Amino acid sequence: MYKEGEEVPDDCGSREEWTLLFWTSLAVIVPVIITLWCSAQRSKRKTHMKDFFRKSKHGWHYTDLFNKPTYCCVCSQHILQGAFCDCCGVCADEQCLRRADRILLCKEIMAPCGPGGGMEHRWVRGNVPLASYCAVCRQQCGTQPKLCDFRCVWCQNTVHDDCMDSLPDADQCELGEFHSLIIPPHYLYQVNKLRRRQPEEYSQLASCCGSGWTPVLVLANTRSGNNMGEALLGEFRTVLNPVQVFDLSELTPSKALQLCTLLPPGSVRVLVCGGDGTVGWVLDAIDTMKLKGLDQFMPRVTILPLGTGNDLSNTLGWGAGYAGEIPVEQVLRNILDAEVVKMDRWKVQVASKGLYFRKPKVLSMNNYFSVGPDALMALNFHAHREKTPSFFSSRIVNKTVYFLYGTKDCLVQECKDLDKRIEVQLDDGLLEVVGVFGSFHCAQIQVKLANPVRLGQAHTVRLVLKSSKMPMQVDGEPWAQGPCTITITHKTQALMLYHSAEQTDDDDESSTSETESPTPHDSPRPPGPAPARA
């Protein structure tokens, strides 16, 4: 102890400072070390799980927290952390996962018919969907807080534990509400046994699938728009045969569409989950099928709009964007009710000035081609998304960024004097060519306060960019282009599905575009295809 006024030695004050610094550092460093260790263990566990999932026949997905009361199909205990199969619905906690993978079978994508010549139910116990009802007594299933009741992974029928014995022995699985969209396992089994695979043989085999059988293939881009693609893939695998569902980040459309050649000609429908760019990618793959002489297997294409720009989807009545507001079952019902229309596709050929020995750049246009302020917004957005893709995980964020770039262009006007820098040549025909005055005019068109300026209608459009670089885009895919000559001509027609129900917010006047791609006068067409900018 030191008396009042007595000087404290320097070494004592220094010791207290060092002690405080030590404990402060310890309080900061220890939680950081623990967090890093836990993160490393979690990453190690996920890597181990990923390798296990890849080798499994189940479509396992690990989760740290189930969004509803879930019970392990092996030990029947309530689980928070564990895995679920998005194909058959089997759930297991981490300790029971390997045993579940070994003793519980998943959906078989290819299997022979049952003893009676039909298809048997494939029952999975527990974790039945909410608000499901017993196929025997018509009372609600899954109401008890335990692993109880059964669900068929094919027809989605549910049955109480006590009612299972009341099912007749001859009861066959009819694949449920969407039997006309599902590829039965026995069909693929019979196709695999064919020695000569001819279209007429596929039609004969299809007779066992019932009249009006139009199987659907689901092709999803998991990177589109709000990153809903992966969750949607799982929901479609639950309802359909898993062989019908494709992730375009793992398989190209050309390879996915090879399944069309194993199905009756003209029967297949393809649901593209993505934006305009994904739809164009799939339609290009279908054009490749034509070049190979596979015209008879061409599918009808429909769209589930997941992208930021969904002009084509909105034009065909499928809405301006999907955010899970309706279940996948309703999406499939809408496909069943849709009608087939023909849509023109156009070839955009870009020949750079002075590079006469270089092959011109050739692109396909379904909806629009544009030069100017709207293409500049798309180009800026695209460049920003390539740098920080994790930031663009929400459609709202994406549209906000678009708005900011549009506001910037209203002030800076990088594309001013566009009329002096390009030359447009038209012949009379079918392609609408319209113009806008700038970003502010684009915004007015979006909210329906203004219309684009109609420049003409043409069968062939020739556009000459005289000097300097200009932003351009085709169906939302932007790039910066130097002096060049651009020629737009008719390419082919695609068979699309048109949904005639009431459209969403950006319906028949949805686009701010300038080079419109309508369908031919002699073919059925939906009202007002989205204009394309030139």
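Quick caveat: nothing in here was measured; it's all calculated off a predicted structure.

1. Overview of the packing of aromatic side chains
Following the criterion strictly, the structure yields three aromatic pairs and no others. The interplanar angle of 55° and the centroid separation of 5.9 Å between the aromatic rings of Phe52 and Phe53 together place this pair among those described as tilted. Each member of the pair, Phe52 as well as Phe53, carries the same accessibility label: buried. One cation-aromatic arrangement involves Lys361 over Trp479; the distance from NZ or CZ to the ring centre is 4.1 Å.

2. Structural notes on the sheet that holds strand β7 (residues 150–152)
Strands sit in the order β6-β7-β8 across an open sheet of three strands; the sheet is antiparallel. The open sheet has two edge strands with one neighbour each: β6 (123–125) and β8 (158–159).

3. Re the confidence of the model for the protein
Predicted confidence across the protein gives a mean pLDDT of 81, with 81% of residues reaching 70 or more. Predicted confidence in the protein is weakest over strand β21 (residues 515–516), with a mean pLDDT of 48, and strongest over strand β9 (residues 216–220), with 96. When the criterion is pLDDT under 50, residues 503–534 qualifies, and its contacts beyond four places in sequence or with other chains add up to 133 contacts.

4. As for the environment of Val433
Its location among the elements puts Val433 in strand β16 (residues 422–435). Judged by relative accessible area, which is 1%, Val433 ranks as buried. As for Val433 and Val453, which are separated by 20 residues in sequence, their C-alpha atoms are 8.7 Å apart.

5. Some words on empty space enclosed by the protein
Scanning the entire structure with this criterion turns up two cavities of 30 Å³ or more. Roughly 40 Å³ of internal volume is contained in the second largest cavity. Looking at the second largest cavity, the residues that line it are Leu283, Ile286, Asp287, Lys290, Met298, Pro299, Val301, Arg345, Gln493, Ala494 and Leu495. Put simply, the parts of the chain that give the lining of the second largest cavity at least two residues each are α7 (276–291) and β20 (484–498). Of the residues forming the lining of the second largest cavity, the biggest block, four residues, is contributed by α7. Here the residues of the lining of the second largest cavity sort into seven nonpolar, one polar and three charged.

6. Structural notes on the pairing of strand β19 (residues 477–481)
Summarising the sheet, strand β18 (residues 470–474) and β19 pair through five bridges and their orientation is antiparallel. Residue Met472 lies in a different strand from β19, and its bridge partner there is Trp479. If you look at the hairpin formed by β18 and β19, you'll find two residues sitting between the two strands, and Asp475 has a positive phi there, around 50°.

7. Some remarks on the nonpolar core
Counting residues in hydrophobic clusters, the biggest one holds 91 residues, and the most contacted among them are Trp60, Tyr187, Phe236, Leu271, Leu332 and Met496. Among the elements that take part in this core, α7 stands out by supplying six residues, more than any other. With residues near it in sequence (within four places) discarded, Trp60 still touches Phe52, Phe53, Ala83, Phe84, Cys85, Val90, Leu97, Ala100 and Asp101. Of all hydrophobic cores here, the second largest spans 21 residues; its members include Phe369, Ile422, Leu431 and Trp479.

8. Details of the packing of helix α3 (residues 185–193) against helix α4 (residues 199–206)
At a minimum axis separation of 10 Å, α3 and α4 run at an interaxial angle of 145°. Where α3 crosses over α4, the handedness of that crossing is right-handed. Of the residues in α4, those in contact with Tyr187, Gln190 and Val191 of α3 are Tyr202, Leu205 and Ala206.

9. Some details on the side chain of His58
The residue His58 is located in the loop between α1 (10–55) and β1 (60–63) in this model. Excluding residues that lie within four positions of it along the chain, His58 makes contacts with Phe53, Cys85, Cys88, Val90, Ala100, Asp101, Leu104, Leu105 and Cys106.

10. Description of the pattern of salt bridges
Tallying each qualifying case throughout the model produces eight salt bridges. With a shortest N-O distance of 2.9 Å, Asp284 and Arg345 are connected by a salt bridge. Taken together, the residues span a long stretch of sequence, with Asp284 in helix α7 and Arg345 in strand β13 (residues 339–352) at a distance of 61 residues. Judged by its relative accessible area of 30%, Asp284 falls in the partly exposed class. For Arg345, a relative accessible area of 0% corresponds to the buried category. Measuring nitrogen to oxygen at the nearest pair gives 3.8 Å for the salt bridge that ties Lys290 to Asp287. Here the residue Lys290 and the residue Asp287 both occupy positions in helix α7, the gap between them amounting to three residues, near one helical turn. Taken individually, Lys290 and Asp287 each receive the classification buried, so the pair is uniform in this respect. The structure contains a network of salt bridges with shared partners spanning Asp284, Asp287, Lys290, Arg345 and Lys491.

Definitions and cut-offs
- Residues numbered from 1 in each chain as written.
- Predicted model: local features only at pLDDT ≥ 70, side-chain atom pairs only at ≥ 80, totals over all residues.
- Heavy atoms only, no water.
- Phe/Tyr/Trp six-rings, centres within 6.5 Å; stacked < 30°, edge-to-face > 60°.
- Buried < 20%, exposed > 50% of the residue type's maximum accessible area, 1.4 Å probe, protein only.
- Lys NZ or Arg CZ within 6 Å of the ring centre and 35° of its normal.
- Pairing = 2+ DSSP bridges.
- Helix = DSSP H or I, 4+ residues; strand = E, 2+ residues; numbered from the N terminus.
- pLDDT = per-residue confidence, 0-100.
- Contact = heavy atoms within 4.5 Å.
- 1 Å grid on protein atoms, 1.4 Å probe; cavity = no way out; pocket = protein on both sides within 12 Å on 5 of 7 lines; lining within 4 Å.
- Points joined across faces, edges and corners; volume = space filled by probe spheres on them.
- Nonpolar A, V, L, I, M, F, W, Y, C, P; charged D, E, K, R; others polar.
- Core = buried A, V, L, I, M, F, W, Y, C linked by side-chain atoms within 4.5 Å.
- Axes fitted to C-alpha atoms, helices over the stretch in contact; angles between N-to-C directions.
- Left-handed = near helix turned anticlockwise from the far one by under 90°.
- Salt bridge = Lys/Arg side-chain N within 4 Å of Asp/Glu carboxyl O.

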